[in-house]
Amino acid sequence: MQKSKKIVILGHFGVGKTSLIQRFVKDSFSDKYKVTIGVHITKKIVEVNENDSISLIIWDLEGTDEVQMIRQAYLLGTHGVVFVFDVSRPSTFQNLNSDLKIVAEKTPDTPLIIVGNKIDLVIQDELQSLLKDNNIEANYLTSAKTGDAVNEMFTHLATLLNDLT
Amino acid sequence: MNEKDRLEILKDILFTEDREDIDKIANRIELLEQAYNSREKFASRVDPIVEEQLDKFTKSIPHTLGPTITATLKKEIQNHKDEVVDALYPVLGKMVKKYVAQEIKVLSEKIDNQLSFISAWKRKLRSFFGGSKEKELLLDDIGGEKIEQVMLIERGSGLLKASFSKTETIDEEMISGMLTAIKTFVEDAFNQKNQELELIEYELYNIHIQSFVNYYVAVVISGAYSLKAKDKVQDIIFDFYHNFMEMNLDLIYTSRHLEQPVDTISSKLIQKKLAEYFGNAKI
Ligand SMILES: Nc1nc2c(ncn2[C@@H]2O[C@H](COP(=O)(O)OP(=O)(O)O)[C@@H](O)[C@H]2O)c(=O)[nH]1
Ligand SMILES: [Mg+2]
């Protein structure tokens, strides 16, 4: 049977979690905002190299403005976490480091990838100083709209999880 | 000197040395004999003592070694609580279930006895008005339920470990993820830690869920799902888990963050077992 891993996508409301998954799985994007209620599950088989693939079972959780409010039960047995913030909305990253600390506590010993999304909405130069000023170290800067770095981010996580087994 | 004396003298001269040797040997034999005898004497005195000590020792094991053994066992059980529960749960579950089922059977038989004449009349009336035969009506009561699909799913992660299906279905990995999300949500929302979601009704199907410590089994059933069938399904699940899964605790270990990975039984084998247990089961 196919090797499979559970990953969860976390982050505040409207940062683009569902859009990132949509872009990755279906290579499409919609401007309409459909609030995720509860959990949505999608699957994508990712080729990690020429002769190895892994299936990612992606749990798209409803957004919460309080990271602390995430249902712990949804995080059980997860193999990887993606934490998304919206580079165009400071309220989604002002407390990023303390948010990340909480996430790390909730999912100990689990790879965590930090993603700044919607980079199409900001000017590149301003973005760098914005991150620096807020003391943020993002692993990936993406746009679900243009598709920038979305595949790279998910494939990187898949490879990481594949190497861990 | 007569003939005889002379012979003796001659003997003396010729055999002195031999004589001495023979004496020495005789002495030795005597010594050995003594040693042997005293040893036998010794043994006959010592053996009972050793035997008695051995007997005492054996009898004292429960007091001397016993606590150590018990403590070790206790520690082992404490360190592997989940595994122990997983091993015991099917047995206990079946016992409790059997007991409750028996009680209910007795109760319903009592009720049946009281009601049987009414239902007999009802059937008669129905056949009278509907024109169908009594026997056919009785057959109506037997549901056409069938096991369509079985999935062994890791709790929490919702990852599919193995599955068996009679017909091609939509992506089972997705189904097992969704089932787990629904189960998690329901159990979490009602915040009843000890309450587990048992049944999901979905269109024409009933999905029977039985949780164990690290895994849960989901059985998809088509047709009307009667209590009797539910009872059967539960039994099959418990049998499968009891006979197969708990013998393979290494399967459980893999879900943990173990320092060294353990060889797991292959999904293929579990798949085969699922087919064996659920494939031809009459419910
Ligand atoms: N411009 C732009 N809009 C985005 C991007 N990603 C998501 N959005 C929009 O942001 C809104 C919220 O996205 P959604 O994926 O539903 O966020 P979620 O609540 O985190 O799942 C939607 O209207 C999306 O169209 C992006 O990369 N660029
Ligand atoms: Mg969403």
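All values derive from a computational prediction rather than experimental measurement.

Thresholds applied
Residues numbered from 1 in each chain as written. Chains lettered and ligands numbered in written order. Predicted model: local features only at pLDDT ≥ 70, side-chain atom pairs only at ≥ 80, totals over all residues. Heavy atoms only, no water. Helix = DSSP H or I, 4+ residues; strand = E, 2+ residues; numbered from the N terminus. Buried < 20%, exposed > 50% of the residue type's maximum accessible area, 1.4 Å probe, protein only. Contact = heavy atoms within 4.5 Å. Areas by Shrake-Rupley, 256 points an atom, 1.4 Å probe, with all protein chains shown as cover. Expected span 1.5 Å × (residues − 1). Arc of directions from axis to C-beta. Pairing = 2+ DSSP bridges. Axes fitted to C-alpha atoms, helices over the stretch in contact; angles between N-to-C directions. Buried area = accessible area lost by both parts, 1.4 Å probe. Salt bridge = Lys/Arg side-chain N within 4 Å of Asp/Glu carboxyl O. Polar contact = N/O pair within 3.5 Å; in protein donor to acceptor, adjacent residues only side chain to side chain. Nonpolar A, V, L, I, M, F, W, Y, C, P; charged D, E, K, R; others polar. Near = heavy atom within 4 Å.

1. Notes on the overall build of chain B
Looking only at helices and strands, chain B has 7 helices and 5 strands in total. In chain B, the succession of helices and strands from N to C terminus is α-α-α-β-β-α-β-β-β-α-α-α. The buried share among the 283 residues of chain B stands at 28%. Of all intrachain contacts in chain B linking residues separated by at least 6 positions in sequence, the fraction that spans at least 24 positions is 61%. Just so you have it, chain B exposes about 20300 Å², and 59% of that area is on carbon and sulfur atoms.

2. Section: helix 5 (residues 150-164) of chain A
Each turn of an α-helix holds 3.6 residues, which means side chains three or four residues apart point in the same direction. All names here are of chain A. Compared with the 21 Å implied by 1.5 Å per residue over 15 residues, the 22 Å span of helix 5 between its first and last C-alpha is a close match. Looking only at helix 5, the buried set comprises Val150, Met153, Phe154, Leu157, Ala158, Leu161 and Asn162. Here the buried residues of helix 5 occupy an arc of 165° about the axis, which is enough to place them on one side.

3. Structural notes on the sheet that holds strand 3 (residues 199-202) of chain B
Residue and element names in this part refer to chain B. The antiparallel open sheet is built from 5 strands, whose spatial order is 2-1-5-4-3. The open sheet has two free edges, formed respectively by strand 2 (160-165) and strand 3, since each of these has just one partner strand. Each strand axis lies, on average, 15° off the axis of its neighbour in the sheet, ignoring direction. Relative to strand 5 (residues 215-222), strand 4 (residues 205-211) runs antiparallel, the two sharing 7 bridges. Following the sheet pairing, Gln210 is matched in strand 5 by Val217. Across the sheet, helix 4 (residues 172-189) lies against strand 1 (146-154), strand 2, strand 3, strand 4 and strand 5, angled at about 75° from strand 1, the strand it touches most.

4. Structural notes on the interface of chain B and chain A
Each partner contributes residues to the interface: chain B has 20 residues there, and chain A has 17 residues. Approximately 1600 Å² of surface area, both sides summed, lies buried where chain B meets chain A, with 64% of it carried by carbon and sulfur atoms. If you look at where chain B meets chain A, you find 2 salt bridges. Linking B:Asp171 and A:Lys43 is a salt bridge whose minimum nitrogen-to-oxygen distance equals 2.8 Å. At the boundary of chain B and chain A, one finds 6 residue pairs in polar contact (both at pLDDT 80 or more). Those elements that place two or more of their residues in the side of chain B that touches chain A are strand 2, helix 4 and helix 7 (267-278) of chain B. No other element matches the 10 residues that helix 4 of chain B contributes to the side of chain B that touches chain A. Class assignment for the residues of the side of chain B that touches chain A results in 8 nonpolar, 8 polar and 4 charged.

5. Here's the deal with the site of ligand 1
All names here are of chain A. Contacts to ligand 1 come from 19 residues, most closely from Lys17, Thr18, Ser19, Asp120 and Ala144. Interatomic distance of 2.8 Å between a backbone N/O atom of Lys17 and an oxygen atom of ligand 1. Within the contact set of ligand 1, an oxygen atom lies 3.3 Å away from a backbone nitrogen or oxygen of Lys145. Calculation on ligand 1 without its partners gives an accessible area of 580 Å², and the protein chains cover 91% of this total.

6. Structural notes on unusual backbone geometry
Residue and element names in this part refer to chain A. Even without glycine at this site, Asp27 takes up a positive phi of about 50°. Among the secondary structure elements, Asp27 is positioned in the loop between helix 1 (17-26) and strand 2 (39-49). With a phi angle near 55°, Asp109 is a residue other than glycine that sits in the positive phi range. In this fold, Asp109 is placed in the loop between helix 3 (96-106) and strand 5 (112-117). Take Asp109: its relative accessible area is 71%, and that puts it in the exposed class.

7. Details of the pairing of strand 3 (residues 52-61) of chain A
Residues and elements named next belong to chain A. Across the 10 residues of strand 3, 8 count as buried, placing the element largely inside the fold. Pairing analysis gives 6 bridges linking strand 1 (residues 4-11) to strand 3, with the strands arranged parallel. By the bridge assignment, Ser4 is partnered in strand 3 with Ser55. Two successive antiparallel strands, strand 2 and strand 3, enclose a turn made up of 2 residues.

8. A look at the pattern of salt bridges
According to the stated counting rule, one finds 9 salt bridges over all chains in the structure shown. Its salt-bridge partner being B:Lys146, residue B:Glu148 comes within 3.8 Å of it at the nearest N-O pair. Among the residues examined, B:Glu148 registers a relative accessible area of 14% and is labelled buried. On the accessibility criterion, B:Lys146 (44% relative accessible area) is partly exposed. One network of salt bridges, in which partners are shared, links A:Lys43, B:Asp171 and B:Glu173.

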